[in-house]
Structure formats: structure tokens, C-alpha cells
Amino acid sequence: MSETRSDGELLRAVAADADRRAFEELYRRYAPWLAARLRGRCADAGVVDDVVQETFLAVWRGSARYRQEGDVAGWLWRIGARRLVDVLRGDGARGRLRQALARLRHRDEASAEERVLAGVEHGDLAGALVRLSPELRAVLQATVIDGLTTREAAVLLGIPPGTVKTRAMRARRQLREALA
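Throughout, residues of each chain are indexed from 1 in the direction in which the sequence is written. Thresholds applied to this predicted model are a pLDDT of at least 70 for local features of residues and 80 or more for the giving and counting of side-chain atom pairs; totals over whole chains, interfaces and linings are not thresholded and use all residues. Only heavy atoms go into the side-chain values, all of them from the structure, while hydrogens and water stay out.

Trainee: So what's going on with the nonpolar core? Which residues, and what values?
Mentor: L26, L38, V52, F56 and V59 are the most contacted members of the largest nonpolar core, which has 28 residues in total. Helical segments are the DSSP runs of H or I of at least four residues, strand segments are the runs of E of at least two, and each set is numbered from the N terminus. When contributions to this core are tallied by element, the ones reaching two or more residues are helix 1 (7–17), helix 2 (20–39), helix 3 (45–61) and helix 4 (72–91). Sorting elements by how many residues they give to this core places helix 4 first, with 9 residues. When sequence neighbours within four positions are dropped, the list of residues in contact with L26 reads L10, L11, F56, V59 and V72. Put simply, buried Ala, Val, Leu, Ile, Met, Phe, Trp, Tyr and Cys residues joined by side-chain atoms within 4.5 Å make one nonpolar core. Summary of the burial criterion: residues with accessible area below 20% of their type's maximum are buried, those above 50% are exposed, and those between are partly exposed, where the area comes from a 1.4 Å probe applied to protein chains only. Counting residues in each nonpolar core, the second largest holds 8 residues, with V139, A142, L148 and A153 among its members. Throughout, a contact is declared for two residues whenever any of their heavy atoms are within 4.5 Å.

Next comes the structure, spelled out in C-alpha cells:
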């Protein structure tokens, strides 16, 4: 029966001897926990998996040195959280947009805007919306219903921000004319 080593012993073995078994044991102990915590900050499972891998790579390579102060979980969390911020900053608006869309997708209660639009199925607004081109409706959905910024809507729709502004202006003008 093998003796269970402490987190500190595992880290010392990894740092001093490049002990692969110690590293694997540390990974098994903390990778699921770190991934679960990171998922609370980022809904993209692929990004979370990458950040967990990068965190443990940093530990293996020795670039993230443990000073034997505090607990290992907190130390790993600081490394992982910093790596996640770096990834999201590098991803810019696209990363924030993915998170916002994931939150919208997983919420249980409809927004006030969605309830209003659902309540006007047979009204003038519903007819005016149906008569808009799909491109104009998509811009209204992104900017009005989903509450995205022009830049975020541009990333989502794959069009330049100026095009988003132009389509939003045309959609509002067409709706005003149809409802007047």
C-alpha cells in the first residue's frame, strides 16, 4: 500500500526531480476542481480545458514556482485565473460575447423584452417585424433583444460594426413607418 503524499511533497518532487508520478497525482487531485471553478468564470468548455492544461504545463515547466506559503489549491487557482484572463483578453470581444451568449442560453426566465415580443404575436409590431429582412431582424435581435453592443453584434453576425449601425437604423426606420 503506497503512502499518500501531501501537496507540498508532490510539488517538491515535481520541481526537484521532474517526478512524473507526482505530477500526475497532483493533476488528478486538482484538475477537476480547477476546471469546475474556471467554468464559473467562462462558459466555453474548450477554453476552460485549455486553461487547465496551460496551468499544469506551467507547474511542470517550473515557470510557476510554489513558495510553500498558503495552500496549493489557492496557488493553482491564481495561476489558472490569470491564464483565463489572458486568454479572454486575447480573445477580446469574441470571448466576452461567447460568455454573454452562454449565459443567455442557460437562463431559466424569459427577459422582459422576450415576454413583450411573445405577447404581440398577432399585433402590429409582430407583423412589422416579420416584414423586415432577415438581416435587419438579426441586427435587432442582437442589439435590442440580446442587449449586445454594436461591436459584439458585429462579431456575432460576422459583419463590420458600421454595417450593424446602418442595419439597425434602417430597421428602426422601417418599423416606425410600419407602425405609423
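Trainee: Tell me about helix 8 (residues 134–145), and name the residues and values.
Mentor: Of the residues making up helix 8, those classed as buried are L136, V139, L140, A142 and I145. Just downstream of helix 8 lies G147, where phi reads positive at about 70°.

Trainee: Got a sec to walk through the packing of aromatic side chains? Specific residues and values, please.
Mentor: When the centres of two rings from Phe, Tyr and Trp lie within 6.5 Å, Trp using its six-membered ring, the rings pair. Their planes under 30 degrees apart give stacked, over 60 give edge-to-face, and anything left gives tilted. According to the stated counting rule, one finds 4 aromatic pairs in the structure shown. For the pair F23 and F56, a centre-to-centre distance of 6.2 Å together with 75° between the ring planes defines the contact as edge-to-face. Pair noted here: F23 is in helix 2 and F56 is in helix 3, with a separation of 33 residues, a long-range link. The pair F23 / F56 is uniform in exposure class, with both members buried. Linked through ring pairs, F23, Y27, F56 and W60 together constitute an aromatic cluster. Whether a charge sits over a ring comes down to the Lys NZ or Arg CZ being within 6 Å of the ring centre and within 35 degrees of the ring normal. Between the NZ or CZ atom of R37 and the centre of the ring of W77, over which it lies, the distance is 4.0 Å.

Trainee: Explain the environment of V87 residue by residue, including any values.
Mentor: Inspection of the secondary structure assignment puts V87 in helix 4. Residues V87 and V51, spaced 36 residues apart in sequence, show a C-alpha to C-alpha distance of 8.0 Å. Those residues in contact with V87 that lie beyond four places of it in its chain are V47, V51 and E54.

Trainee: Give a description of the packing of helix 8 against helix 10 (residues 161–179) that names residues and reports values.
Mentor: Convention adopted: a line fitted to C-alpha atoms gives each axis, helices being fitted over their contacting stretch, and angles between N-to-C directions are expressed from 0 to 180 degrees. Helix 10 packs onto helix 8 with a crossing angle of 100° between their chain directions and a minimal axis gap of 9 Å. Considering the angle they form, helix 8 stands roughly perpendicular to helix 10. Mapping the contact onto sequence places E135, L136, V139, L140 and T143 in helix 8 and V164, R167, A168, R170, A171, Q174 and L175 in helix 10. Of the residues that constitute the contact of helix 8 with helix 10, the class distribution is 7 nonpolar, 2 polar and 3 charged. An angle below 35 degrees is read as roughly parallel, one above 145 as roughly antiparallel, one from 65 to 115 as roughly perpendicular, and any other as oblique. Note on residue classes: Ala, Val, Leu, Ile, Met, Phe, Trp, Tyr, Cys and Pro are nonpolar, Asp, Glu, Lys and Arg are charged, and everything else, Gly too, is polar.

Trainee: Lay out helix 1 with the relevant residues and their values.
Mentor: Buried residues of helix 1: D7, G8, L10, L11, A13 and V14, and no others. Immediately beyond the C-terminal end of helix 1, within one or two residues, lies A18, with a positive phi of roughly 50°.

Trainee: Can you lay out the packing of helix 2 against helix 3 for me, pointing to particular residues and giving the numbers?
Mentor: Where helix 2 meets helix 3, the closest approach of the two axes is 10 Å, and the angle between their N-to-C directions is 145°. Seen along the crossing, helix 2 lies across helix 3 with a hand that is right-handed. Contact residues: helix 2 offers R20, F23, L26, Y27, Y30, A31, L34, A35, L38 and R39, while helix 3 offers V48, V51, V52, Q53, T55, F56, V59 and W60. Its residues placed into classes, the contact of helix 2 with helix 3 shows 14 nonpolar, 2 polar and 2 charged. For any pair of crossing helices, the crossing counts as left-handed if the nearer helix is rotated counterclockwise from the farther one by less than a right angle, and right-handed if it is rotated clockwise.

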